[in-house]
Amino acid sequence: MEPRKDLLDIASLSLEEIEFVLKTAGPFKELFTKSIKKVPPLRGKTVLTLFYEPSTRTRSSFEIAAKRVSADVTNFTVGSSSVVKGESVLDTIDTLQAMKCDYVVVRHAAAGVPNMISKHTKASVVNAGDGFHAHPTQALLDAFTLRETFGDLAGKKILIVGDILHSRVARSVGQICEKLGMEIGVLGPGSLIPQARPKFMRKFYTYDEALGWKPDAIYLLRVQLERQNDQFFPSLNEYHKIYGLTEERFRQVEGEGTWVLHPGPVNRGVELGDDVMTYERTLINQQVENGIAVRMAVLYWLQPETN
Ligand code: CP
């Protein structure tokens, strides 16, 4: 397999590369049961997290992952940096380049910023979410979680529910599930389902119709109010009634033994009700745990040009 410097999206990954990351993450996860959870492959390397948007799990997950492969970690906090004095992304990167970081993990509200940064640094760049574009490590950790649950994913059905239009998670998760042979259905308000969606995404118009398709897993997307300039549905209450995993729908899902995923952060009472959080087939906590193992595998895999 060709060495790769950056991880910017799922679309450009080969099946072999995806399989490599998923396979490598397995032994890293086994470490989590040991008293010493650290291994040495990135000893002497520096990982910089550069988040221009808020994050709870991705940022802390990368920090823990980097430390578990023995890298040193610096968290660049945009709010207390010279960015607030008007420093551009590229000037920030030049400054950080001078500090000889080996890996830069970046999240930005604008699609394409991680790509642009990758062309200006010898460090490996990992996209931790850029605008509506991509969130590749989220998709890799979801694929790892689905593999752990189902084994071979070929022919398994996943229903992605919610704001497909504004969701980098939906795009990346859809792409990885398709590459791994899954069937993909989408359900959400008409205004939030892109007309130009990939052919492999089958559109459903109602929850009843989608559940009648008998999905093996339901992937609930967060309603991203911060990304909507226009109002795409009447109210959060309406959204919950029509597209939320309500108590009534949850009973049906529970009866079928369908697995439930959500990338977080969860909006309780919008995408799902409280019952879903305690359902034994809800994979949300496994997704978070697996995120660390998968990100360890990603950092282990990428080859910066700083050597
Ligand atoms: N899933 C996800 O990206 O969560 P954060 O926004 O908390 O990082």
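Refer to the structure printed above.
In this report, the structure presented in the accompanying data block is examined.

Conventions used here
Residues numbered from 1 in each chain as written. Predicted model: local features only at pLDDT ≥ 70, side-chain atom pairs only at ≥ 80, totals over all residues. Heavy atoms only, no water. Salt bridge = Lys/Arg side-chain N within 4 Å of Asp/Glu carboxyl O. Buried < 20%, exposed > 50% of the residue type's maximum accessible area, 1.4 Å probe, protein only. Helix = DSSP H or I, 4+ residues; strand = E, 2+ residues; numbered from the N terminus. Near = heavy atom within 4 Å. Polar contact = N/O pair within 3.5 Å; in protein donor to acceptor, adjacent residues only side chain to side chain. Areas by Shrake-Rupley, 256 points an atom, 1.4 Å probe, with all protein chains shown as cover.

Brief notes about the pattern of salt bridges
This model, assessed by the stated rule, comprises 11 salt bridges. A salt bridge links Asp6 to Lys5; the nearest nitrogen and oxygen atoms lie 3.0 Å apart. The two residues Asp6 and Lys5 agree in class, both being buried. Lys241 serves as the salt-bridge partner of Glu238, at 3.9 Å between the closest nitrogen and oxygen. In this pair, Glu238 and Lys241 both sit in helix α8 (residues 236-243), 3 residues apart, roughly one turn of the helix.

Describing unusual backbone geometry
Cis geometry marks the peptide bond from Gly264 to Pro265, where omega comes out at -15°. Along the chain, the position of Pro265 falls in the loop between β9 (259-261) and α10 (274-278). For Lys100, which is not glycine, the phi torsion reads 60° and is therefore positive. Unlike most non-glycine residues, Lys214 shows phi in positive territory, near 60°. Position of Lys214 relative to the elements: it lies in the loop between α7 (207-212) and β8 (217-220). For Lys214, a relative accessible area of 48% gives the class partly exposed.

Remarks on the site of the ligand
Around the ligand sit Ser55, Thr56, Arg57, Thr58, Arg107, His135, Gln138, Pro263 and Gly264, and that is every residue in its neighbourhood. Thr56 places a main-chain nitrogen or oxygen 2.8 Å from an oxygen atom of the ligand. Between Pro263 and the ligand, the recorded distance is 2.9 Å, taken from a backbone N or O atom to a nitrogen atom. Bound to the protein, the ligand loses 91% of the 260 Å² it would expose on its own.

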